[in-house]
Number of protein chains: 2
Amino acid sequence: MWERSHSRKGSAPLDNPTIKEIALRAGVSKSTVSRIISGKGYSSPEARDKVLALIEELQYKPNAVARAMVSQRTHNIGVLLYRRDHPIASHPFYGKIVDAILLAAASLNYSVFVTTDHDMSYRSADFMMEKRVDGLILISRLQQNVIDHITKFGVPYVMVNGSTDVDGVIHIVNQDEEGGRLVAEHLTRTGHDRIFVIAGPQTHRSHHLRFKGFMTCMALSGIEVPEAAVRYAETSTFAEGYDIMSRQWGPFRAGRYSAIFATNDMLALGAMKFLLEQSVRIPEQISVVGFDDIDFAAMFAPSLTTVKVDAGEMGRQSIKLLDQLIRQEPNVAHPSQLQPKLIVRQSTK
Amino acid sequence: MWERSHSRKGSAPLDNPTIKEIALRAGVSKSTVSRIISGKGYSSPEARDKVLALIEELQYKPNAVARAMVSQRTHNIGVLLYRRDHPIASHPFYGKIVDAILLAAASLNYSVFVTTDHDMSYRSADFMMEKRVDGLILISRLQQNVIDHITKFGVPYVMVNGSTDVDGVIHIVNQDEEGGRLVAEHLTRTGHDRIFVIAGPQTHRSHHLRFKGFMTCMALSGIEVPEAAVRYAETSTFAEGYDIMSRQWGPFRAGRYSAIFATNDMLALGAMKFLLEQSVRIPEQISVVGFDDIDFAAMFAPSLTTVKVDAGEMGRQSIKLLDQLIRQEPNVAHPSQLQPKLIVRQSTK
DNA sequence: CTGAAAGCGCTTACAG
DNA sequence: CTGAAAGCGCTTACAG
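If you're wondering where the values come from, they're calculated on a predicted model, not measured in any experiment.

J.: Which parts of the structure should I look at to understand the sheet that holds strand β9 (residues 287-289) of chain A?
T.: Pairing between the strands of a sheet is mediated by backbone hydrogen bonds and can be parallel or antiparallel. All names here are of chain A. Read from one edge of the open sheet, four strands run β7-β6-β8-β9, paired in parallel fashion. Of all strands in the sheet, those with a lone pairing partner are β7 (230-232) and β9, marking the two edges. Taken pair by pair, the neighbouring strands of this sheet meet at an average axis angle of 15 degrees, ignoring direction. Where strand β6 (residues 195-199) lies against β7, three bridges are found, and the strand directions are parallel. Paired with Val197 across the bridge in β7 is Val230.

J.: Looking at this structure, I do not really get the protein's contact with DNA strand C. What am I missing?
T.: Taken together, 26 residues surround DNA strand C, and among them Ser31 and Ser44 of chain A together with Ile19, Ser34 and Ala66 of chain B come closest. Its residues placed into classes, the surface near DNA strand C shows 11 nonpolar, 12 polar and three charged.

J.: It is not clear to me how the relation of the copies chain B and chain A should be interpreted in this structure. Could you clarify?
T.: One copy of the chain maps onto the second through a rotation around an axis plus a translation along that axis. Once chain B is rotated about the relating axis by 180 degrees and shifted along it by 0.0 Å, it coincides with chain A to within an RMSD of 0.0 Å. Interpreted geometrically, this transformation is the action of a two-fold axis. Most of the interface of chain B is mirrored in chain A, where 100% of its interface residues again form contacts.

J.: How should I be thinking about the packing of helix α2 (residues 19-26) of chain A against helix α3 (residues 30-38) of chain A in this particular structure?
T.: In a packed pair of helices, the relevant descriptors are the angle between the two axes and the axis-to-axis distance. Residues and elements named next belong to chain A. Interhelical geometry of α2 versus α3 gives an angle of 110 degrees and a closest axis separation of 8 Å. Taken together, the axis directions place α2 and α3 in an arrangement best described as roughly perpendicular. Packed against α2, whose contacting residues are Ile19, Lys20, Ile22, Ala23 and Ala26, the element α3 presents Lys30, Thr32, Val33 and Ser34 at the interface. Looking at side-chain class alone, the contact of α2 with α3 contains five nonpolar, two polar and two charged residues.

J.: Would you take a moment to explain helix α10 (residues 205-221) of chain B for this structure?
T.: Two residues of an α-helix separated by three or four positions point the same way, owing to the 3.6 residues in each turn. All names here are of chain B. Over its 17 residues, α10 extends 24 Å from the first C-alpha to the last, a length consistent with the 24 Å expected when each residue adds 1.5 Å. Among the residues making up α10, those that are buried are Ser206, His207, His208, Leu209, Arg210, Phe211, Gly213, Phe214, Cys217 and Met218. Structurally, α10 contributes buried residues whose contacts are with α9 (176-189), β6 (195-199) and β8 (259-262). Just beyond α10, the residue with positive phi is Gly222, at close to 80 degrees.

J.: What is the right way to read the domain arrangement of chain A from this model?
T.: Accessible area lost upon the coming together of the parts serves often as the stated size of an interface. Residues and elements named next belong to chain A. Looking at chain A, the domain boundaries give domain 1 (2-62), domain 2 (76-173 + 313-336) and domain 3 (176-308). The straight-line distance from the C-alpha centre of domain 2 to that of domain 3 is 30 Å. If you look at the interface, domain 2 gives seven residues, while domain 3 gives eight residues. Residue composition of the side of domain 2 that touches domain 3, by class: two nonpolar, four polar and one charged.

J.: How should the interface of chain B and chain A be read in this particular structure?
T.: Opposite the 46 residues of chain B that make contact, chain A presents 47 residues. For the side of chain B that touches chain A, the secondary-structure elements that each account for two or more residues are α5 (64-71), α6 (94-107), β2 (111-117), α7 (123-130), α13 (265-277) and α14 (295-299) of chain B. The leading source of residues in the side of chain B that touches chain A is α6 of chain B, at seven residues. Broken down by class, the residue content of the side of chain B that touches chain A amounts to 28 nonpolar, eight polar and 10 charged.

J.: How should I be thinking about the environment of Ser287 of chain A in this particular structure?
T.: Residues and elements named next belong to chain A. When you line up the elements, Ser287 lands in strand β9. Taking the C-alpha atoms as reference points, Ser287 and Arg141, separated by 146 residues in sequence, lie 30 Å from one another. Every residue in contact with Ser287, bar those within four places of it in the chain, is listed here: His192, Ser258, Ala259, Ser347, Thr348 and Lys349.

Calculation rules
Residues numbered from 1 in each chain as written. Chains lettered and ligands numbered in written order. Predicted model: local features only at pLDDT ≥ 70, side-chain atom pairs only at ≥ 80, totals over all residues. Pairing = 2+ DSSP bridges. Helix = DSSP H or I, 4+ residues; strand = E, 2+ residues; numbered from the N terminus. Axes fitted to C-alpha atoms, helices over the stretch in contact; angles between N-to-C directions. Near = placed C-beta within 6 Å. Nonpolar A, V, L, I, M, F, W, Y, C, P; charged D, E, K, R; others polar. Least-squares fit on C-alpha atoms with pLDDT ≥ 70 in both. Contact = placed C-beta atoms within 7 Å. Parallel < 35°, antiparallel > 145°, perpendicular 65-115°, else oblique. Expected span 1.5 Å × (residues − 1). Buried ≥ 20, exposed ≤ 12 C-beta atoms within 10 Å, placed from the backbone. Domains from an automatic or database assignment.

Structure follows, in structure tokens:
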């Protein structure tokens, strides 16, 4: 006891009491205290009253580290977000997924480590392994080497909107091909037949499928989308959308196209910004459609017609599934792909 | 050994090797292995070679939980974001701070728990205490009861952009009053004298000071801002900015004002959106200024003139300071307030 | 109903 | 240079 109080200077707050201190003061053994706290095993009402009162009085908080040590379960999970240069926790789309994960994780009593890492590095993954997380959620563009690494370590994980499917791994994704189809339908239904397409990185599953679904549906409608009407973006950023559009200004000014489809909102918004700066009227002269339904899509002026991807549901499912994996439930059902939904706003007519 | 392998079925990945297993195979004691890993204390080259080889071969990863147990340091920190209804990890401004925190924390070898909680609840805080985080970063609107709670527990923490200052607590903030002054200067310099103000929640330090700085400077310039030209927003959201402006449409249509200042970008953007929908030309007819410089400010059409708050620097400082607190460095200097910077864009002339 | 003992995976004096 | 021992704060059989 003396040593304890002396280890901190004078009036500093007391160290957190341990089960041992409670036991000492209550005049029972540590085992008894432990049983009372966990609620399993028998205990006499008297012992219970005394211990519970002490817990309240001393503001006892169980040490989760010690618990993890013996139970071999930390009740912590890790979320890995990959990035090229900057972290992307604040990314308008992935951020939403993270939000939903935080909420859902809390309701299942998990705490979550959020980490980001560069391409081709698995420092974060290694870190999470050392911390002995119960499971991992991998978001977006993850490198094969990282996946192999994690798999080798034997920690359960699920992927969310990953760039590629991996055999046997639970992968939560949107029905992106169907989403592309919805866009094509909407645009053709509203009379557009000269459509320009900004296709995001085709190495990423979602951009690829959105583009493919769109093209397939257009072909079926008998409307041609010539090669010249498609531009491939290297990144899926606002700046790139703006750039691509600025390089296409010639044909657009000449009235070659009546609509634009970009495989995500950021690209679409960038393109729109450029057009608005040229005093193009949207949707009167050009209609624009994006994909994702990030918050900004509704805020932009004009607001952006897009395909909503249910980021919240992705987050919730990922936690639910990961929890099942962690608890080793017998047969965890792979989730069905999420239904995309067309949201018509001011940018199309 | 047998028990070990049987505890997992058949071909499942092996359990993580422990220091004990390394010691056994290397024919040395656990102490020796520990010393070699930590690099402190002596060890013979032969022992070192053998142990290091084994670590490589078995892919040994130290168990951070066990380490935390003995060192009483988890190398984990918690970030608490408060919210009303929804989590705000994806918030355009606070998200940026979190991003910077993640990056800076990683470079100092901390892992970070990100949590959100409702107003008036300290469930998350309690959770972090149980997890025995080394320190805490509190962002934005935190309740006094939570602060008291944490203080009682004796864990070091810093506040970032909190709603109020707390004695003796390190608080990282922007020079908001100065920022308000910058806006007033810019607007008066460009000839505006009929300015409408949308003031965010005055219970929050930053909104209050931005407003105050602006008003003080206007008064000094001899330009009156009558009561009727100020509207107080209950939340600092896009929707509220939009709403407030829609209710002010009468005076605006009548040409009563030539400029708007909103105490954050979201409010400003909402207001702008409404005006653009009424075909008001910005900045020709109305100039608009926000505050924060969230990413979307530059993307909007027209892009928004605003005052940049260095969210990245806030995140970095918070980690640096927290680390000093954790390591109990003698006298940690309270940080000076961050310099705001006026960013002139398309929305003002 | 209760307590003594062992153990989770490490680190850290302390002897040798 | 190395190993045995104790201990971090819990939980979990196992005796009583």
